[in-house]
Structures are given as C-alpha cells and as structure tokens.
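# Remarks on the overall topology
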Amino acid sequence: DQQVKQNSPSLSVQEGRISILNCDYTNSMFDYFLWYKKYPAEGPTFLISISSIKDKNEDGRFTVFLNKSAKHLSLHIVPSQPGDSAVYFCAASVRNRDDKIIFGKGTRLHILP
Amino acid sequence: DVKVTQSSRYLVKRTGEKVFLECVQDMDHENMFWYRQDPGLGLRLIYFSYDVKMKEKGDIPEGYSVSREKKERFSLILESASTNQTSMYLCASSLNPIVYEQYFGPGTRLTVT
C-alpha cells in the first residue's frame, strides 16, 4: 500500500512560469514532510521540508504547502528555471518513532524554453 | 558539508556472483540507509542501521544483507546476484534525532548479466 503518492509521473512547465508538484499521503501519523530533487546519475538532494505544525515553508523560489485535513502537500517553484528540470520526490516520516522516510515514486519536471 | 561516498559509480556483475556495495559518510551520522531506485517505483528502502552492528529490514530486504562494523561505513551485500537486482543503488545517512533530512551518495548503477 503506497503511503506517499505522486500521481503525476511527469510535468512540463514553461520557463519563468510556476511549477506545482503535488503529493498525497495516507498515513495520518506522518508529521514531517520533505522534498528531494534528483538529476540523472546523481543521488537525490534535499530541497525543502515542512513540519506538520506548519502549513507553509518558503526557501527562495521554493515553497511547500501542507494541507493536513486533505493529507496533501505541494511544492511550488517560481519562477521555474531550466536547471529545475529533474525528478522530484515527495517524502514523509513519523519523527521520534524511527527515522525511516517513505518516498513517493517521483514526478519528472521538464522546464520548456 | 556532508559527504556520502559510494565505492563504485558503475558495476557489472554476473548472475550468481557475490556483490559488495560500500558506502562511507564523513559526518558522524548515526543512521545509514540503502535504497534502490527503479523507473516507476521510486526509492525503495532495502535496509537501514541506527548504530554500529545494528540493522533493520526495510521494505525489500529479500536477496540482500548488510554490514555495519564502523559508524561511518555501511555495506550492502548481494549474496548471489540475480538479473532482477539490476538497479541504481543509493546510500544515505542522517543525524538522529536532530536532523531528519537524509543525505545521499551519488549512487551505484549495478547491472547483473
């Protein structure tokens, strides 16, 4: 049973516009959420995170929104740049239980010139 | 900066061979993890370790074992490689309990023929 779902395998966005990547989760115990970015032939790199006590976290061009009642989070990238083309993984964990992170299957973002 | 290194970027092995994948981190992290990444399946946890000599099964441990004799080193072992173990293998580490983000190595692309 997939606890973290990224229902869009790919997304294409024009350079300069907003990219919105979505993620749904099923486990209400999750209290910490992360986004990772992965280029081909490289390991994932941590992008941004949010605790369940917040509904928004911003870091430069990247903002993560959390809607706990809907069990949904989204990553907004604005403005989108060519270097943002990558696979984005949504992940979640239950802190203080164990340190496992459950990853979604990823969304491939293409930034079009 | 956290550095996680993996012994090989690319590896080709024959069916039935014993395969060792090595991972080293230089930030004194307690937790270490092994994942495999396959197209359409995202990142799946194979094994993880909270401390030296400790190991826990992840979601797909079958066909794998691990060893953690020193804090900085976490080895993944394929006792008898099979073609369905052809994959990208990613090692990660994290500092428990303060930092929940995992830091990944560059990955090892293993091909079993």
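Our structure's up above, just so we're on the same page.
Scope of this entry: the structure provided in the associated data block. Keep in mind that this is a model prediction, so the values were computed, not measured. (Residues numbered from 1 in each chain as written. Chains lettered and ligands numbered in written order. Predicted model: local features only at pLDDT ≥ 70, side-chain atom pairs only at ≥ 80, totals over all residues. Heavy atoms only, no water.)

## A word on the sheet that holds strand β7 (residues 62–67) of chain A
Within the open sheet, the five strands sit side by side as β1-β3-β8-β7-β6 (chain A). Their pairing is antiparallel. Both outer strands of the open sheet, β1 (4–5) and β6 (56–59) of chain A, are each paired with one neighbouring strand and no more. (Pairing = 2+ DSSP bridges. Helix = DSSP H or I, 4+ residues; strand = E, 2+ residues; numbered from the N terminus.)

## Re the state of the cysteines
Tallied over the full model, the rule gives two disulfides over all chains. Linked covalently through their sulfurs, Cys23(A) and Cys90(A) form a disulfide whose S-S length is 2.0 Å. Because the sign of the S-S torsion sets the handedness, a value of about -75° for the bond joining Cys23(A) and Cys90(A) places this disulfide among the left-handed ones. Of the two residues, Cys23(A) sits in strand β3 (residues 19–25) while Cys90(A) sits in strand β9 (residues 86–93), which places them 67 residues apart along the sequence. In this structure, Cys23(A) and Cys90(A) share a single accessibility class: buried. What pairs with Cys23(B) in a disulfide is Cys91(B), and their sulfur atoms sit 1.8 Å apart. Looking along the S-S bond of the Cys23(B)-Cys91(B) disulfide, the torsion reads about -75°, which is the left-handed sense. Here Cys91(B) lies in strand β9 (residues 87–94) and Cys23(B) lies in strand β3 (residues 19–25), a separation of 68 residues in the sequence. Each member of the pair, Cys23(B) as well as Cys91(B), is classed as buried. (Disulfide = S-S within 2.5 Å. Buried < 20%, exposed > 50% of the residue type's maximum accessible area, 1.4 Å probe, protein only.)

## Focus: the packing of aromatic side chains
Taken as a whole and judged by the stated rule, the model has 14 aromatic pairs over all chains. Consider the rings of Tyr36(A) and Phe103(A), whose centres lie 5.5 Å apart with planes at 55°: the pair is tilted. Of the two residues, Tyr36(A) is situated in strand β4 (residues 32–38) and Phe103(A) in strand β10 (residues 102–103); the sequence distance between them amounts to 67 residues. An aromatic cluster is present here, built from Tyr36(A), Phe46(A), Phe89(A), Phe103(A), Phe33(B), Tyr35(B), Phe48(B), Tyr50(B) and Phe104(B) joined pairwise through their rings. (Phe/Tyr/Trp six-rings, centres within 6.5 Å; stacked < 30°, edge-to-face > 60°.)

## A word on the pairing of β9(A)
Residue and element names in this part refer to chain A. Most of β9 sits inside the fold, with eight of its eight residues counted as buried. Burial along β9 is two-sided: the face carrying Ala86, Tyr88, Cys90 and Ala92 and the face carrying Val87, Phe89, Ala91 and Ser93 are both buried. Where β4 meets β9, seven bridges bridge the pair, whose relative direction is antiparallel. The residue of β9 that forms the bridge with Phe33 is Ala92. Sheet topology places β9 next to strand β11 (residues 107–112); three bridges connect them, and they run antiparallel. In the sheet register, Val87 faces β11, and the bridge partner there is Arg108. As judged from the two bridges shared by β9 and β10, these two strands associate in the antiparallel manner.

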